[in-house]
Amino acid sequence: MPIHDYLCQDCNQRFEALTTSAKADQVACPSCTSATTRRLISVIAGVGGRAGDSYGAYAGSTSSGGGGGCCGGAGGCACGH
């Protein structure tokens, strides 16, 4: 079951809900119980990708800079690796 991101249009609360795709548009706000919620577009993280890659480099690929970890083993990323 996927996790969807939502915004309540009544109380402006952002929240996540684990629900089936068939019921994704029927989720109530956990703060105010309003049914007036809107599903947001989620950001999908690539595995071992480098900045500028469309989908990220997959582990074991032959693209340049592979490796693994949060920055593909290239060094110099914002997390200190």
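Calculation criteria
Residues numbered from 1 in each chain as written. Predicted model: local features only at pLDDT ≥ 70, side-chain atom pairs only at ≥ 80, totals over all residues. Heavy atoms only, no water. Helix = DSSP H or I, 4+ residues; strand = E, 2+ residues; numbered from the N terminus. Buried < 20%, exposed > 50% of the residue type's maximum accessible area, 1.4 Å probe, protein only. Contact = heavy atoms within 4.5 Å. Areas by Shrake-Rupley, 256 points an atom, 1.4 Å probe, with all protein chains shown as cover. Core = buried A, V, L, I, M, F, W, Y, C linked by side-chain atoms within 4.5 Å. Salt bridge = Lys/Arg side-chain N within 4 Å of Asp/Glu carboxyl O. Pairing = 2+ DSSP bridges. Axes fitted to C-alpha atoms, helices over the stretch in contact; angles between N-to-C directions.

Trainee: Mind laying out the overall build of the protein chain, listing which residues take part and the relevant values?
Mentor: Counting secondary structure elements, the protein chain contains zero helices and three strands. Across the 81 residues in the protein chain, those meeting the buried criterion constitute 25%. Here the contacts in the protein chain between residues at least 6 apart in sequence split such that 24% fall between residues at least 24 apart. In the form shown here, the protein chain has an accessible surface area of approximately 5900 Å², with 52% of it arising from carbon and sulfur atoms.

Trainee: Tell me what's going on with the nonpolar core, and back it up with residues and numbers.
Mentor: What tends to happen in soluble globular proteins is that the nonpolar side chains get buried as a cluster. Within the largest apolar cluster, seven residues are counted, these being Tyr6, Cys8, Phe15, Ala17, Ala24, Val27 and Cys29. Elements that contribute at least two residues to this core include exactly strand E1 (3-8) and strand E2 (14-18). Those residues in contact with Val27, other than ones at most four positions away along the chain, are Tyr6, Phe15, Ala17, Thr19, Ser34, Ala35 and Thr37.

Trainee: Hey, could you go over the pattern of salt bridges for me, with residue numbers and the actual values?
Mentor: Summed over all chains, the structure comprises one salt bridge. With its nearest N and O atoms 3.2 Å apart, the salt bridge here joins Arg39 to Asp25. Here Arg39, found in strand E3 (residues 37-40), pairs with Asp25, found in the loop between E2 and E3; they are 14 residues apart in sequence, far enough to count as distant. By relative accessible area, Arg39 is classed as partly exposed at 36%.

Trainee: Pulling in residues and values, what's your account of the sheet that holds E1?
Mentor: Either a parallel or an antiparallel arrangement is found when strands of a sheet pair, and the pairing is made through backbone hydrogen bonds. Spatial ordering of the open sheet is given by E2-E1-E3, a layout of three strands whose pairing is antiparallel. Looking along the sheet, the strands with just one partner apiece sit at the ends: E2 and E3. Strand-to-strand twist of the sheet, defined as the mean angle between neighbouring strand axes without regard to direction, takes the value 40°. As paired elements, E1 and E2 share five bridges and run antiparallel to each other. Across the sheet, Ile3 pairs through a bridge with Leu18, a residue of E2.

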